[in-house]
Amino acid sequence: MSDVAGIPTPDKNDENFWTTVTTLVEPPWNEPTTDDAFTMDERVHDAVRALAERVSTRALAYRAVGKPFDPVLMAAPDVQLALLRALYEAKQSVDRLAESAATVAGRSGANYAQLGAAWGGIKRQSARLKWPHAVVKKSTSESIPLHYAGGSAVVHHDADADAWWYTATAADQWEKESEPVHSTYAEAIAGATEFLLTHALPGRQSPA
C-alpha cells in the first residue's frame, strides 16, 4: 500500500481544488490483490450471467410459460453459449470504458507511457496504437473533442480571456456551455467530465 499521508485532499469549494485534482498523483494506483481480482471476477460473472439469462433462448422459453429459470439450467450447453455471448459484450464494454478512461487521463496530463503502465504494462507505442487520440498536443487555438459517459464535449480556448471553456451534450441530452473561466485545459476537461458523468444514463456511468 502506497503512503497516502502526503496526498492533498481538497474539498470541491477550495480555491485550488481543480489545480490539485488535475495534478497526477504518483503512483496512481496500488496493485490489486488476489482477493481484489476474485471479487472482480464475481461481480463480472454476476453482470454477465444476468445478461445471459436475458438473451438465452432456453431462458426465454421458461419465462414464456411462467416458470422460473433454475440456476442448474446454466449447465445447458446452449445457455453456456449465451453466457459466452454475454462475456463478449462485457469485453466490448471494457474496451469502451477503457477508451473513455484513457482519453480523460491523457487529455488531463497523462502520457502514453503512463497509460500503457495502467493497461497491464503495455509499451508506450502499443498504448498509442490502442488509443491514438487519447493524448493530444494542445495549442491555444485548438478545440478538442471528448466522448465520455455516453455524451460528448468540446474544449475551447478563449484568446481574449486567455481561459478555457467547454460545450457539452450529455447522454440524457442535457446541454451546457461553460463560461471562459478555467485557467487551464485540464481544469476545463475536468469540468466537462463532471457534467457528463452527472448526466449519464443509468448503467452508463464510468467508474470513478
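For the structure, check the block above.
Notes on the structure in this doc start here.

What counts and what doesn't
Residues numbered from 1 in each chain as written. Predicted model: local features only at pLDDT ≥ 70, side-chain atom pairs only at ≥ 80, totals over all residues. Heavy atoms only, no water. Salt bridge = Lys/Arg side-chain N within 4 Å of Asp/Glu carboxyl O. Helix = DSSP H or I, 4+ residues; strand = E, 2+ residues; numbered from the N terminus. Pairing = 2+ DSSP bridges. Axes fitted to C-alpha atoms, helices over the stretch in contact; angles between N-to-C directions. Contact = heavy atoms within 4.5 Å. Core = buried A, V, L, I, M, F, W, Y, C linked by side-chain atoms within 4.5 Å. Buried < 20%, exposed > 50% of the residue type's maximum accessible area, 1.4 Å probe, protein only. Polar contact = N/O pair within 3.5 Å; in protein donor to acceptor, adjacent residues only side chain to side chain. Phe/Tyr/Trp six-rings, centres within 6.5 Å; stacked < 30°, edge-to-face > 60°.

**Some details on the pattern of salt bridges**
Scanning all chains against the criterion turns up 5 salt bridges. Between Lys 12 and Glu 194 there is a salt bridge, with its nearest N and O atoms 2.2 Å apart. Taken together, the positions of Lys 12 in the segment before α1 (17-21) and Glu 194 in helix α7 (residues 185-198) put the pair 182 residues apart, joining distant regions of the chain. Measuring nitrogen to oxygen at the nearest pair gives 3.3 Å for the salt bridge that ties Asp 95 to Lys 91. One end of the pair is Asp 95 and the other is Lys 91, both in helix α4 (residues 77-107) and 4 residues apart, which spans about a single turn.

**Focus: the sheet that holds strand β4 (residues 175-177)**
Taken in spatial order, the 4 strands of this open sheet run β1-β2-β3-β4, and their pairing is antiparallel. Lying at the two open borders of the sheet, with one neighbouring strand each, are β1 (144-148) and β4. Averaged over all neighbouring strand pairs, the angle between strand axes comes to 20°, with direction disregarded. As defined by bridge partners, strand β2 (residues 151-158) adjoins strand β3 (residues 163-169) across 7 bridges and the pair is classed as antiparallel. Residue pairing across strands places Ala 153 opposite Ala 168, the latter belonging to β3. α7 rests against β1, β2, β3 and β4 of the sheet, and its axis sits at about 20° to β3.

**Remarks on the nonpolar core**
Grouped together as the largest cluster of nonpolar side chains are 18 residues, with contacts concentrated most on Tyr 148, Val 155, Tyr 166, Ala 168, Tyr 185, Phe 195 and Leu 196. Every element with two or more residues in this core is listed here: β1, β2, β3 and α7. Here Phe 195 is in contact with Tyr 166, Ala 168, Ala 170, Trp 174, Glu 175 and Lys 176, once residues within four sequence places are set aside. Counting 11 residues, the second-largest nonpolar core is a separate cluster that includes Val 48, Phe 69, Leu 73 and Ala 82.

**Digging into the environment of Thr 23**
Within the fold, Thr 23 resides in the loop between α1 and α2 (34-55). Within polar-contact distance, the side chain of Thr 23 engages the backbone oxygen of Thr 19 at 2.7 Å.

**Quick look at the packing of aromatic side chains**
Evaluated as defined, the whole model comprises 3 aromatic pairs. An angle of 90° between the planes, with centres 6.1 Å apart, marks the rings of Tyr 62 and Phe 69 as edge-to-face. The exposure class of Phe 69 is buried, given its relative accessible area of 15%. Plain terms: the ring middles of Trp 164 and Tyr 185 are 5.3 Å apart, the flat faces sit at 75° to each other, and that makes the pair edge-to-face. Of the two residues, Trp 164 sits in strand β3 while Tyr 185 sits in helix α7, which places them 21 residues apart along the sequence. A residue is classified by how much of its surface remains accessible, and Trp 164, at 9% relative accessible area, is buried. Overall, Tyr 185 belongs to the buried group, its relative accessible area being 5%.

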